[in-house]
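Here's the letter readout for the chains.
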Amino acid sequence: MKRYFILLSLLGLFLVLFSCASGPQIGKMKVVEESGSKPGWVKADKDFFEKKGDFYFRGVVTNRKDLGYAKREAKAEAIKNIAEKVNTRVRTEFNEATQGSNVSDEGLSIFTSDAISWVADNLNIQGISPSNVYWQRVEKVTPDGFKYSYNVYVLCQIPKADYEKARNMAIKALLKKYANAGQQDAKKVAATVQKRLLGNH
């Protein structure tokens, strides 16, 4: 009889262990639905890249309950990346264009700040529509069952020629503005940048 109870206990323990091992693992996640095959730009580790004369900006959000809201939020992330990249690129180009020249830091700061705003407005960053959207519906095992959420990836595109056009227009417009306003330091910076970036254009 004692041996019988031991065998029953071992069998019960085996069944419990088997049940735990074969059941869903808490926290396990898997993609159960997606908008299509995963594009290469989703797999990349960069939120900005340049390809064939165009600039591309990625926005990503994860673990969102509503797909529509997630798409809007991902687009907002992409637009934020555009604004940050335009800011950085304009500053870098203007700093490089004024290296070795006799311009004031104050004039450069005024000109760069005005130019960034001008370029952003003329590129109409807020109005840019995504060129590509990819999403996943993810299933997660919880103690109470399953939880579902969305990961969304948005790609926005700006032709490099459009950026350069907006930048060049900003330089010319600001040079005229500073001349009319008598802002000599900023005017000198604008003239220097125009000469080195645009030549005689």
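Predicted model, so just to flag it, every value in this text is computed and none were measured.

So, how was this worked out
Residues numbered from 1 in each chain as written. Predicted model: local features only at pLDDT ≥ 70, side-chain atom pairs only at ≥ 80, totals over all residues. Heavy atoms only, no water. Phe/Tyr/Trp six-rings, centres within 6.5 Å; stacked < 30°, edge-to-face > 60°. Buried < 20%, exposed > 50% of the residue type's maximum accessible area, 1.4 Å probe, protein only. Lys NZ or Arg CZ within 6 Å of the ring centre and 35° of its normal. Core = buried A, V, L, I, M, F, W, Y, C linked by side-chain atoms within 4.5 Å. Helix = DSSP H or I, 4+ residues; strand = E, 2+ residues; numbered from the N terminus. Contact = heavy atoms within 4.5 Å. Expected span 1.5 Å × (residues − 1). Axes fitted to C-alpha atoms, helices over the stretch in contact; angles between N-to-C directions. Parallel < 35°, antiparallel > 145°, perpendicular 65-115°, else oblique. Left-handed = near helix turned anticlockwise from the far one by under 90°. Nonpolar A, V, L, I, M, F, W, Y, C, P; charged D, E, K, R; others polar. Pairing = 2+ DSSP bridges.

A. Molecular detail of the packing of aromatic side chains. Evaluation of the coordinates by the stated rule reveals eight aromatic pairs. Judged by centre distance (5.0 Å) and plane angle (10°), the rings of Phe 49 and Tyr 56 are stacked. Accessibility expressed as a relative area gives 25% for Phe 49, which makes it partly exposed. Among the residues examined, Tyr 56 registers a relative accessible area of 15% and is labelled buried. Here the aromatic cluster, defined as three or more aromatic residues joined through ring pairs, consists of Phe 48, Phe 55, Phe 57 and Tyr 163. We note Arg 137 situated over the ring of Tyr 148; from NZ or CZ to the ring centre the distance is 4.3 Å.

B. View of the nonpolar core. In this structure, Ile 82, Val 90, Phe 94, Phe 111, Val 119, Leu 123 and Val 152 are the most contacted members of the largest nonpolar core, which totals 40 residues. Elements that contribute at least two residues to this core include exactly strand E3 (54-64), helix H3 (67-97), helix H4 (105-123), strand E5 (145-159), helix H5 (160-181) and helix H6 (184-198). Considering every element that reaches this core, the biggest residue donor is H3, with ten residues. Each residue touching Leu 123, except ones within four places of it in the same chain, is listed here: Val 86, Ile 128, Ile 158, Asp 162, Tyr 163 and Ala 166. Judged by nonpolar contacts, the second largest core, of six residues, contains Val 42, Tyr 56, Tyr 134 and Tyr 153.

C. Representation of H6 within the structure. Taking 1.5 Å of rise per residue, 15 residues should cover 21 Å, and H6 covers 20 Å from first to last C-alpha, within 8% of that figure. Along H6, the residues classified as buried are Ala 186, Val 189, Ala 190, Thr 192, Val 193, Gln 194 and Leu 198. Turning to H6, the residues buried within the fold contact H3, H4 and H5. In the stretch just after H6, Gly 199 is the one whose phi turns positive, near 70°.

D. Layout of the packing of H4 against H6. It is the contact of H4 with H6, at a shortest axis distance of 8 Å, that shows an interaxial angle of 70°. Taken together, H4 and H6 sit at an angle that is classed as roughly perpendicular. The hand of the H4/H6 crossing is right-handed. Residues Gly 107, Leu 108, Ile 110 and Phe 111 of H4 lie in contact with H6, whose contacting residues are Asp 185, Ala 186, Val 189, Ala 190 and Val 193. By residue class, the composition of the contact of H4 with H6 is seven nonpolar, one polar and one charged.

E. Structural view of the pairing of E5. As paired strands, E3 and E5 are joined by nine bridges and run antiparallel to one another. Along E5, the bridge assignment pairs Arg 58 with Leu 155. One ladder, built from eleven bridges, connects strand E4 (residues 132-142) with E5; its direction is antiparallel. Within E5, the residue paired with Thr 142 across the bridge is Gly 145. In this structure, the hairpin formed by E4 and E5 is closed by a connection of two residues.

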